[in-house]
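Next come the chains, spelled out residue by residue.
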Amino acid sequence: MSAYAIAHLREAAPHEEIAEYMERVTATFEPYGGRFLVHGTPHEVMEGAWPGHVVMIGFPSITEARAWWSSAAYREIAPLRTRHIEGDVILVAGVPADYDAGRTAERMREALPAR
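As a convention, each chain's residues are numbered from 1 in the sequence order in which they are written. Residues qualify for local features only when their pLDDT is at least 70, as the model is predicted, and side-chain atom pairs are given and counted only at 80 or more; totals for whole chains, interfaces and linings, by contrast, use all residues. In computing side-chain properties, one takes all heavy atoms of the structure into account and sets aside hydrogens as well as water.

Draft legend 1. Focus on the overall build of the protein chain. A run of H or I in DSSP counts as a helix once it spans at least four residues, and a run of E counts as a strand once it spans at least two, with each numbered from the N terminus. Along the protein chain, the regular secondary structure elements total 4 helices and 4 strands. Mapped in sequence order, the helices and strands of the protein chain form the string β-α-β-β-α-α-β-α. Projected onto its principal axes, the C-alpha coordinates of the protein chain cover approximately 60 × 35 × 20 Å. Relative to its 115 residues, the protein chain shows a buried fraction of 25%. Two residues form a contact once any of their heavy atoms are found within 4.5 Å. Contacts spanning at least 24 positions in sequence make up 76% of the contacts within the protein chain whose residues lie at least 6 apart. Put simply, the protein chain shows about 8,000 Å² of open surface, and 56% of that area lies on carbon and sulfur atoms. Asp and Glu are treated as the negative residues and Lys and Arg as the positive ones, with His and the ends of the chain left uncounted. All charge positions are set by atom: Lys at NZ, Arg at CZ, Asp at CG, Glu at CD. If the 11 positive side-chain charges of the protein chain are averaged to one point and the 16 negative ones to another, these points end up 7 Å apart. Type-normalised accessible area, obtained with a 1.4 Å probe on protein chains alone, sets the label of each residue: buried when under 20%, exposed when over 50%, and partly exposed for intermediate values. Note on areas: Shrake-Rupley with a 1.4 Å probe; residue coverage comes only from the protein chains shown.

Structure (structure tokens):
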């Protein structure tokens, strides 16, 4: 099942270390089957607020996503970004191709207290 690394990064002034991070980051996730799905593209805020940028990297599974995040190669370059850009990063597993929100709602209803 696919998994994703999703980053909500705030605006930052251009910096040499950020450029170096961007030059090196792809090589850190490719060995784990990762690839950019969203990077540097405009987004539309439909509800709430989302200042900054969205970055999304897809992986074959949550196992590969975690392995990338913990890898020596990524840990080495992460400070090049974190010293200059504030943000939030999550790893999240996707849902199977046959996922049905209706079935999830059904299970939720079954767990509700009786009226």
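Draft legend 2. Highlighting the packing of helix H2 (residues 62–70) against helix H3 (residues 72–82). Between N-to-C directions, angles span 0 to 180 degrees; the directions come from axes that are lines fitted to C-alpha atoms, helices contributing only their stretch in contact. Following both chains from N to C, one finds H2 and H3 inclined at 65°, their axes separated by 5 Å at the closest point. Contacts between H2 and H3 involve Trp-68, Trp-69 and Ser-70 from the former and Ala-72, Tyr-74, Arg-75 and Arg-81 from the latter. Residues are sorted three ways: Asp, Glu, Lys and Arg are charged, Ala, Val, Leu, Ile, Met, Phe, Trp, Tyr, Cys and Pro are nonpolar, and all the rest, Gly among them, are polar. The residue inventory of the contact of H2 with H3, partitioned by class, reads 4 nonpolar, 1 polar and 2 charged.

Draft legend 3. Structural context of the sheet that holds strand E1 (residues 3–9). Note on pairing: two strands pair once DSSP finds at least 2 bridges between them. Across the sheet, which stays open at both edges, the 4 strands sit in the order E2-E3-E1-E4 with antiparallel pairing between neighbours. Two strands in the sheet have a free side with no partner beyond their single neighbour: strand E2 (35–39) and strand E4 (87–93). When strand polarity is set aside, the average angle formed by the axes of neighbouring strands in this sheet is 15°. Here E1 runs beside strand E3 (residues 53–59); their pairing, made up of 7 bridges, is antiparallel. Note that in E3 the partner of Ala-5 across the bridge is Ile-57. Across the sheet, H2 lies against E1, E3 and E4, angled at about 145° from E4, the strand it touches most.

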